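# Commentary on secondary and tertiary structure
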Amino acid sequence: MSILVTGGLGYIGSHTVVELINHNFDVIIVDDLSNSEKFILDNIEEITGKRPIFYPFDLRRKELLQQVFEAHDIEGCINFAASKAVGESMTEPLKYYENNLFSLINVLQEFKERNISNFIFSSSCTVYGQADQMPIDENTPLKEAESSYGKTKQMGEDILKDFSRAYKKRVSLLRYFNPIGAHPTALLGELPAGIPNNLVPYVTQTAAGIREKLSIWGDDYPTEDGTAIRDYIYVVDLAKAHVAALQKLMHSDEETVLDIYNLGTGKGSSVLEVVKAFELANDVAVPYQICPRREGDITVAYANADKAEKELNWKSETSLEEALKTTWEWQKYLKDRNN
Ligand code: NAD
Ligand code: WQD
């Protein structure tokens with residue numbers, strides 16, 4: 001019995017594959033390498049001593065996907081594969097709707113036709129928009145998403161709600177807050193394509209001298225230090241939540257399950273706090289300048305993750321500083337690798 005991990009060579013997927021292997025799951029990865037690199041597979045093997053089966057193709061190629069389902073006894077799927085650059089989704093919305101929705105639907109078709117259940121979907125806190133109240137729990141009303149990327153996550157959730165109900169399937173929607181950090185071995189981490197949009201990769205590259213200065217997007221927010229607040233969750237903690245969510249689905253007595261969990265730390269940190277924590281954790285300077293707010297940004301978002309703690313027996317365990325240390329080690333690994 002195997003678990004299909006789409007996008008399993010990507011940032012969160014690769015960490016989750018390691019956790020799955022550590023829990024004795026057989027893993028099959030489909031990833032078209034559009035935002036990842038093949039050496040990650042070697043590194044997964046180095047960490048776990050096991051090389052997952054890997055198929056390099058685009059999930060929109062239905063005939064290839066069918067062959068994977070023919071060849072293996074698949075018992076569940078964690079679906080990471082998606083395009084995720086928020087800014088690009090505004091200039092190339094069709095790329096996002098096509099990739100994120102068609103690849104999802106293709107996998108769901110196989111599940112339906114072959115009577116497979118247990119499906120986990122990578123959703124995002126972006127589905128909440130600027131929530132009226134903090135912390136954000138799973139009953140917080142969803143607002144219209146700010147980006148086409150965010151809309152693909154809302155649509156993905158809707159598709160899965162219908163899929164679960166109509167075909168009697170077990171589904172878990174995992175709403176990640178802001179994933180950060182790298183594997184403690186420094187063999188896995190985020191590989192931002194081009195200039196990073198996200199805060200922590202930008203901070204890291206600035207500390208490494210690849211970027212001259214971090215631009216802090218706004219210090220006039222109604223927060224204590226004026227910078228915006230997010231909930232930064234360590235990627236290995238996040239990966240572990242996937243195993244817990246999968247085990248819950250697989251052990252359920254119910255035919256139809258629709259689980260929804262926020263995955264965050266429950267604690268908000270401001271941009272300046274992240275910069276200071278990075279400097280302190282790694283004893284390195286991060287030059288920055290204050291700039292106007294970034295369009296589409298919200299003031300504050302942090303999770304109430306009590307439901308995941310209660311039902312999955314999972315909670316975030318790693319501090320911001322510890323997570324930021326791993327990011328820095330990963331940056332050094334990448335530098336050595338490129339030399
Ligand atoms: P990532 O880009 O590192 O990983 C996605 C992987 O999917 C990549 O390896 C890419 O090559 C692959 N892929 C994309 N389209 C594909 C296709 N059509 N066929 C096969 N493979 C394909 O991204 P990530 O940060 O690991 O995110 C994983 C998931 O979590 C995504 O669905 C993302 O939207 C979601 N998510 C990410 C964040 C975040 O901040 N990183 C936050 C919330 C939700
Ligand atoms: C965090 C904070 C920025 C970069 C995005 C997606 C969201 C989800 C997670 C996938 C904000 C500030 C950033 C920089 C800065 N992804 N910042 N200078 O915007 O919370 O969420 O990633 O689902 O959908 O929108 O994360 O890391 O981009 O920004 O000052 O160079 O850091 O303004 O306040 P965000 P982020």
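Predicted model, so just to flag it, every value in this text is computed and none were measured. (Residues numbered from 1 in each chain as written. Chains lettered and ligands numbered in written order. Predicted model: local features only at pLDDT ≥ 70, side-chain atom pairs only at ≥ 80, totals over all residues. Heavy atoms only, no water.)

## Some words on a negative patch on the surface
Together, Asp219, Glu224, Asp225 and Glu273 make up a negatively charged patch on the protein surface. Tracing the sequence through the fold places Glu224 in the loop between strand 8 (214-217) and strand 9 (229-230). (Patch = residues over 30% accessible without salt bridge, like charges linked within 9 Å, V, L, I, M, F, W, Y side chains within 5 Å. Areas by Shrake-Rupley, 256 points an atom, 1.4 Å probe, with all protein chains shown as cover. Salt bridge = Lys/Arg side-chain N within 4 Å of Asp/Glu carboxyl O. Lys, Arg positive; Asp, Glu negative; His and termini not counted. Charge placed at Lys NZ, Arg CZ, Asp CG, Glu CD. Helix = DSSP H or I, 4+ residues; strand = E, 2+ residues; numbered from the N terminus.)

## Remarks on the site of ligand 2
Not every one of the 19 residues close to ligand 2 is listed here, only the nearest: Ser124, Tyr149, Ser215, Arg230 and Asp297. Residue Leu199 places a main-chain N or O atom 2.8 Å away from an oxygen atom belonging to ligand 2. Residue assignment for the shell around ligand 2 shows that the elements contributing at least two residues are helix 7 (199-207) and strand 8. No other element matches the four residues that strand 8 contributes to the shell around ligand 2. Residues belonging to the shell around ligand 2 are distributed by class as follows: 10 nonpolar, six polar and three charged. (Near = heavy atom within 4 Å. Polar contact = N/O pair within 3.5 Å; in protein donor to acceptor, adjacent residues only side chain to side chain. Nonpolar A, V, L, I, M, F, W, Y, C, P; charged D, E, K, R; others polar.)

## Let's talk about the layout of surface pockets
There is about 510 Å³ of room inside the second largest pocket. For the second largest pocket, the lining is made up of 25 residues, of which Leu191, Pro192, Gln205, Gln331 and Leu334 are closest to its centre. Of the residues forming the lining of the second largest pocket, the biggest block, nine residues, is contributed by helix 11 (residues 320-338). The residue inventory of the lining of the second largest pocket, partitioned by class, reads 12 nonpolar, eight polar and five charged. (1 Å grid on protein atoms, 1.4 Å probe; cavity = no way out; pocket = protein on both sides within 12 Å on 5 of 7 lines; lining within 4 Å. Points joined across faces, edges and corners; volume = space filled by probe spheres on them.)

## Structural notes on the sheet that holds strand 4 (residues 74-79)
Strand order in the open sheet made by the seven strands is 3-2-1-4-5-6-11, with parallel pairing throughout. The sheet is open, and its two borders are formed by strand 3 (53-55) and strand 11 (257-263), each paired with just one other strand. Here the strands of the sheet are splayed against their neighbours by 20° on average, with no regard to which way each runs. Against the sheet, helix 8 (residues 235-251) contacts strand 1 (2-6), strand 4, strand 5 (119-124), strand 6 (170-176) and strand 11, and its axis sits at roughly 160° relative to strand 6. (Pairing = 2+ DSSP bridges. Axes fitted to C-alpha atoms, helices over the stretch in contact; angles between N-to-C directions. Contact = heavy atoms within 4.5 Å.)

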